[in-house]
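One letter stands for each residue in the lines below.
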Amino acid sequence: MTFQGSGSIDTGNVSGGGGGGAGRIALGGGAGLILTIVALLFGVNPGELLGTEGGGQQSTSSGAAQIQQQLDACTYEMANENTICRIKATTVSLDDVWSDIWPEYTPPKTVIFADAVNTGCGAASSATGPFYCPADSTAYFDPTFFTQLRRMGGSDGPLAQEYVVAHEYGHHIQNLTGALAQGQRMGSQGPRSGSVRVELQADCLAGVWAHHADNGPDALLAPISQQQIASVIQTAKAIGDDTIQGPGSNPEGWTHGSATQRARWFTVGYQSGDPDRCDTFATDDL
């Protein structure tokens, strides 16, 4: 159990199904993370790289309707058992925390989809993994990713799933602050590239959220345990470049940072609770 609220989850920022538009870039993680980060940095439609362009790739109206039906019924009690409701509840917590930390914060939209989706950054499939599209200020999630994440060695525990959502919201913060644009100017691959700095900063910002998410009498999250933090660290390490690429991983091809780096920067954010500590652009000690 992570959520201690009760009753319906009241937010209009989460919907089922897909969007659309003619944007050009997206940022994400998971199985398609390398191709998608290249799409971000070079202005390429990720659907072209991932083979998700064309007909038949957008979520079906029936699938979107089923997800929306589940979203409409979500309660905080359900969020402790149901992945779709957990994503929705996490976005409420994220909006609350970031609005308190940063008065200039404006919430993104969130879309939960199945199989494939049409976005402001082009078409994408479940193979892309969770991603944030700056063109429509929307975070996209296919809940089946969490099953894949467990197979990759990550955790599918509640806080680990919430970390994934918080990471994508970190990209939204970066879009608002200009850090995404800064990353684009610094290159797409390599141990000190802009893409690695962007991803590690998003991990740190997810840690900042976790630091604040269980604070105060009105906090939506129950007190976070060290076991839950360990599940996040396990997950961060599972999606490090060196873990995904395996033995002999070449740092010159990295786009997201090593397992150690990802765990470290989440920990920096979690222990400090200070987004100013997340300036991965001001150091080469990543």
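Look up: the structure comes first, before these words.
Let us look at the structure shown here. None of the values given here were measured: they were computed from a predicted structure.

Quick notes on the pattern of salt bridges
- Per the counting criterion, the structure on display carries four salt bridges.
- Two residues, Arg150 and Asp156, come together in a salt bridge whose shortest N-O distance is 2.7 Å.
- Measuring nitrogen to oxygen at the nearest pair gives 2.4 Å for the salt bridge that ties Asp284 to Arg197. In this pair, Asp284 is assigned in the segment after α12 (259-272) and Arg197 in helix α9 (residues 194-213), connecting sequence segments 87 residues apart.
- The class for Arg197 is buried, based on a relative accessible area of 4%.

Some remarks on the state of the cysteines
- Within this structure, the stated rule accounts for three disulfides.
- Linked covalently through their sulfurs, Cys74 and Cys85 form a disulfide whose S-S length is 2.1 Å. Of note, the bridge from Cys74 to Cys85 carries an S-S torsion of about -85 degrees and is left-handed in sense. With Cys74 in the loop between α3 (61-73) and α4 (76-79) and Cys85 in helix α5 (residues 83-101), this residue pair connects regions lying 11 residues apart in the sequence. Here Cys74 matches Cys85 in class, with each residue buried.
- Put simply, Cys204 and Cys278 are joined by a disulfide, and their sulfur atoms are 2.1 Å apart. Every disulfide takes its handedness from the sign of the S-S torsion; for Cys204 and Cys278 that torsion is -75 degrees, giving left-handed. In this pair, Cys204 is assigned in helix α9 and Cys278 in the segment after α12, connecting sequence segments 74 residues apart. An identical accessibility class is assigned to Cys204 and Cys278; each is buried.
- If the cysteines joined by disulfides in the protein chain are listed in sequence order, their pairing comes out as 1-2, 3-4, 5-6.

A few points about the nonpolar core
- Membership of the largest hydrophobic core comes to 60 residues, with the highest contact counts inside it found for Trp98, Tyr163, Trp209 and Phe266.
- Discounting residues that sit within four places of it in the chain, Phe266 has contacts with Tyr163, Asp203, Cys204, Ala206, Gly207, Ala210, Ile229, Val232 and Ile233.
- Residues Val111, Phe113, Phe131 and Tyr140 belong to the second largest nonpolar core, which totals eight residues.

Here we look at the packing of α5 against helix α7 (residues 158-177)
- With their axes 9 Å apart at the nearest point, α5 and α7 run at an angle of 50 degrees to one another. Classified by the angle their axes make, α5 and α7 are oblique. The interaxial crossing formed by α5 with α7 has right-handed handedness. Packed against α5, whose contacting residues are Thr83, Arg86, Ile87, Thr90, Thr91, Leu94, Asp95 and Trp98, the element α7 presents Pro158, Gln161, Glu162, Val165, Ala166, Tyr169 and Ile173 at the interface.

Notes on α12
- The terminal C-alpha atoms of α12 lie 20 Å apart, and with 14 residues this matches the ideal 20 Å at 1.5 Å per residue to within 8%.
- Along α12, the residues classified as buried are Ala259, Gln261, Arg262, Ala263, Trp265, Phe266, Val268, Gly269 and Tyr270.

Considering the pairing of strand β5 (residues 122-125)
- Relative to β5, strand β4 (residues 116-119) runs antiparallel, the two sharing four bridges. The partner of Val117 across the bridge, within β5, is Ala124.
- Remark: two residues form the turn of the hairpin made by β4 and β5, two consecutive strands paired antiparallel.

What counts and what doesn't
- Residues numbered from 1 in each chain as written.
- Predicted model: local features only at pLDDT ≥ 70, side-chain atom pairs only at ≥ 80, totals over all residues.
- Heavy atoms only, no water.
- Salt bridge = Lys/Arg side-chain N within 4 Å of Asp/Glu carboxyl O.
- Helix = DSSP H or I, 4+ residues; strand = E, 2+ residues; numbered from the N terminus.
- Buried < 20%, exposed > 50% of the residue type's maximum accessible area, 1.4 Å probe, protein only.
- Disulfide = S-S within 2.5 Å.
- Core = buried A, V, L, I, M, F, W, Y, C linked by side-chain atoms within 4.5 Å.
- Contact = heavy atoms within 4.5 Å.
- Axes fitted to C-alpha atoms, helices over the stretch in contact; angles between N-to-C directions.
- Parallel < 35°, antiparallel > 145°, perpendicular 65-115°, else oblique.
- Left-handed = near helix turned anticlockwise from the far one by under 90°.
- Expected span 1.5 Å × (residues − 1).
- Pairing = 2+ DSSP bridges.

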